[in-house]
Amino acid sequence: MNFPSSLLNPVHPIGRQIAESIVLHKKVSYKEAKKTGGQRQRIGIARALALQPKLIVCDEPVSALDVSIQAQILNLLKEIQKDMGLSYLFIAHGIQAVKHISDKIAVMYLGRIAELAEKEALFENPHHPYTKALLSAVPLPNPKLRDRERIILKGDLPSPANPPTGCRFHTRCPVAMEKCKSLDPSLIQTSKNTITACLLFEDEGSTENKMIM
Ligand code: SF4
């Protein structure tokens, strides 16, 4: 599809020009147009694809968008992935977006991987206490699972610049043990499709596994 060059103003950013057309035609505010447009994301994707990459890092690509536009962008990413056979490193806080697009998921806490698993394994049987707390807050369509216990974490997120000693999650972990204050857990295989960094799995049954909270 060809557009005349006069259609775009070379002195204004393209995102602003697209938002302006939404403001004019849909009678919404400029802020609202930017939020509902999703066009910036599409332009970002087009720019990335121009280099024919094998891997694209998508850093919070849909977090500022309305839910319906989020779904459009995620579906577009999936279609492109199928057509071009590329991989994404998708970074997001929104667990539903992560679930929609991912095959494997790494749950991060204070800059470290707490758990890395195939998507189905992570959602059906999370291992790390932080993953369990995260998923306990996600609304589920299955009525049998809706009554599950919500795990509320205590305290604020510590500063990543000055993380706690031992396991970084120990100040908020509902099942923390004394040794978690000093020992830094390594990632270990905890099932066929999951690796987890938690001392609970390093020596299950040990008498040292004494809870502190
Ligand atoms: S190592 Fe200890 S504090 Fe860290 S997640 Fe496991 S139980 Fe909780």
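The shown structure was predicted, so the numbers you read here are calculated from the model rather than taken from an experiment.

Right, let's talk about the environment of S159 for a bit. Topologically, S159 is positioned in the loop between α7 (129-136) and β5 (188-191). On the basis of relative accessible area, S159 is assigned to the partly exposed category, the value being 38%. Once the C-alpha coordinates of S159 and L110 are considered, the two residues, 49 residues apart in sequence, prove to be 7.8 Å apart. For S159, the side chain forms a polar contact with the main-chain nitrogen of A161, separated by 3.1 Å.

Of note in the backbone geometry, E60 takes a positive phi value of approximately 50° without being a glycine. Mapped onto the secondary structure, E60 falls in the loop between β1 (55-59) and α4 (67-84). Notably, L110 is not glycine yet its phi reads approximately 50°, a positive angle.

Glancing now at the pattern of salt bridges. By the definition in use, this model includes two salt bridges. Among the ionic pairs, E178 bridges to K181, the shortest N-O distance being 3.3 Å. For E178, a relative accessible area of 44% puts it in the partly exposed group.

Another point: the nonpolar core. Membership of the largest hydrophobic core comes to 31 residues, with the highest contact counts inside it found for V62, I73, L74, L77, Y88 and F90. Sorting the residues of this core by element identifies α3 (39-49), β1, α4, β2 (87-91), α5 (95-101) and β3 (104-109) as the ones contributing at least two each. Broken down by element, this core gets its largest block of residues, five residues, from α4. Residues from two domains meet in this core; each of domain 1 (14-102) and domain 2 (103-213) gives at least three.

Attention now moves to a nonpolar patch on the surface. On the surface, a cluster of nonpolar side chains totalling about 350 Å² of accessible area is made up of L55, V57, L89 and I91. Only β1 and β2 provide two or more residues apiece to the nonpolar patch. With respect to the helices and strands, the residue V57 is situated in strand β1.

In this section: the side chain of H170. Topologically, H170 is positioned in the loop between α7 and β5. The class for H170 is buried, based on a relative accessible area of 11%. From its side chain, H170 meets the backbone oxygen of T165 in a polar contact 3.1 Å long.

Now for the site of the ligand. Looking at the ligand, there are 13 residues lining it, with C167, C173, C180, C198 and L199 nearest. Residues that form the shell around the ligand fall into these classes: 11 nonpolar, two polar and no charged.

A few words now on the confidence of the model for the protein chain. On average, residues of the protein chain score 84 in pLDDT, and 78% of them are at 70 or above. For the stretch residues 1-5, pLDDT sits under 50, and the model shows zero contacts to residues farther than four places along the chain or on other chains. Contacts for the low-pLDDT stretch residues 205-211, under 50 throughout, to residues beyond four places or in other chains number 14 contacts.

The rules behind these values
Residues numbered from 1 in each chain as written. Predicted model: local features only at pLDDT ≥ 70, side-chain atom pairs only at ≥ 80, totals over all residues. Heavy atoms only, no water. Helix = DSSP H or I, 4+ residues; strand = E, 2+ residues; numbered from the N terminus. Buried < 20%, exposed > 50% of the residue type's maximum accessible area, 1.4 Å probe, protein only. Polar contact = N/O pair within 3.5 Å; in protein donor to acceptor, adjacent residues only side chain to side chain. Salt bridge = Lys/Arg side-chain N within 4 Å of Asp/Glu carboxyl O. Core = buried A, V, L, I, M, F, W, Y, C linked by side-chain atoms within 4.5 Å. Domains from an automatic or database assignment. Patch = residues over 30% accessible without salt bridge, like charges linked within 9 Å, V, L, I, M, F, W, Y side chains within 5 Å. Areas by Shrake-Rupley, 256 points an atom, 1.4 Å probe, with all protein chains shown as cover. Near = heavy atom within 4 Å. Nonpolar A, V, L, I, M, F, W, Y, C, P; charged D, E, K, R; others polar. pLDDT = per-residue confidence, 0-100. Contact = heavy atoms within 4.5 Å.

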